[in-house]
Amino acid sequence: MTDTTLSPHSQSATRRATLIGAIAVLLWATLALFTSSTGAVPPFQLMAMTFAIAFLFAFLKWLRDALTVGRGAFAFLKQAWPVWAIGIGGLFLYHFFYFVALDHAPAVEASLIAYLWPLLIVLFSALLPGERLYWQHVAGAVIGMGGAVLLILARGPGGDASQPAGDIVGYGAALACAFTWSTYSVLSRRFGSAPTDLVGAFCGVTALLGFISHFAVETTVWPADLWEWLAIVALGLGPVGAAFFVWDYGVKKGDIKALGAISYASPLISTLLLIATGKANATMAVLLGCLAIVGGAVLAARDLYMKK
């Protein structure tokens, strides 16, 4: 088998890229908090507005680059069709399936199924050239998944009789979420030569598809006050903006298996934020979930801090 031992310089670069990718996990942890502050704006409209904000800031960066290097600043847009299909499909279809899942199944159950994606990233990464899957990666991801289950269940009763039972469409859409994002992340590494700037273009097309979906099935509802507008801008700059850029960089140049396990920190931090803002309660289940997620992430990411 090929020796995959990295030089100290390569290890440092991988560690740095992994930490950059982990910023996405921190940003996604604010998704629930900001989304709950956007009022009655419907899902597809919210998706379109936030991705449009992300695209706008990416476009401004492209214009700045064009002032320096001219038309060459847009050369990165010339990519093979699979790159575009993976990028647009990953961003749009994940959110599309998630909204369908929430519409056809209880939020707790849909979230539990959808959040299989970090575990799937760890498993699918073994199919990538030069990647090897060790016991600590699988164990860490499974432990983290157990912690995420505890946290999500702690937010609300999954078996509440007052909630309608989910149908096969809802559960199937939630499972499609998990496979969509894990496949997108792993294939992004497979096409690692595609520059991260391209994510801005993916955001633009996703915003367009979001607006089309919105006008097809929703009634437009604008934010009611300044705070709701600020929450939407915050979403577009953070969890629906910068997060996708740093995640792209991380999965392409960092330790994708460690990132998969670390991703379970998102529901952990999200829950802590909701507790801090009075929107959730601190319970023993939350404590145990936090310990499981931290322990699983430390185990799966041991290659980043263990000397070889």
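Just above sits the structure.
Figured I'd write up the structure that's included with this text. (Residues numbered from 1 in each chain as written. Predicted model: local features only at pLDDT ≥ 70, side-chain atom pairs only at ≥ 80, totals over all residues. Heavy atoms only, no water.)

1. Regarding the overall build of the protein chain
Move 1: If you tally the helices and strands in the protein chain, you get 14 helices and zero strands.
Move 2: Evaluated residue by residue, the protein chain yields a buried proportion of 47% over its 308 residues.
Move 3: Of the contacts formed within the protein chain by residues at least 6 apart in sequence, a portion of 89% connects residues at least 24 apart.
Move 4: Summed over its atoms, the accessible surface of the protein chain is roughly 14700 Å², and 71% of this surface lies on carbon and sulfur atoms. (Helix = DSSP H or I, 4+ residues; strand = E, 2+ residues; numbered from the N terminus. Buried < 20%, exposed > 50% of the residue type's maximum accessible area, 1.4 Å probe, protein only. Contact = heavy atoms within 4.5 Å. Areas by Shrake-Rupley, 256 points an atom, 1.4 Å probe, with all protein chains shown as cover.)

2. Section: the environment of Pro42
Move 1: Residue position: Pro42 is located in the loop between α2 (31-35) and α3 (43-69).
Move 2: Here Pro42 falls in the buried class, since its relative accessible area comes to 11%.
Move 3: Spatially, the C-alpha atom of Pro42 lies 10.0 Å from that of Val217, the residues being 175 residues apart in sequence.
Move 4: Every residue in contact with Pro42, bar those within four places of it in the chain, is listed here: His214, Glu218, Thr219 and Val221.

3. A few points about the nonpolar core
Move 1: Grouped together as the largest cluster of nonpolar side chains are 64 residues, with contacts concentrated most on Trp28, Phe51, Leu91, Trp117, Trp181, Phe244 and Trp247.
Move 2: In this view, Trp28 contacts Trp117, Trp181, Pro239, Ala243, Phe244, Trp247 and Ser266; residues no more than four positions away in its chain are not counted. (Core = buried A, V, L, I, M, F, W, Y, C linked by side-chain atoms within 4.5 Å.)

4. Observations concerning the pattern of salt bridges
Move 1: Inspection of the entire model under this criterion finds four salt bridges.
Move 2: Linking Lys61 and Asp65 is a salt bridge whose minimum nitrogen-to-oxygen distance equals 2.9 Å. Placement of both Lys61 and Asp65 in helix α3 is noted, with a separation of four residues, approximately one turn of the helix.
Move 3: The exposure class assigned to Lys61 is partly exposed, which follows from its relative accessible area of 32%.
Move 4: Among the ionic contacts, a cluster of salt bridges with common partners joins Lys61, Arg64, Asp65 and Asp197. (Salt bridge = Lys/Arg side-chain N within 4 Å of Asp/Glu carboxyl O.)

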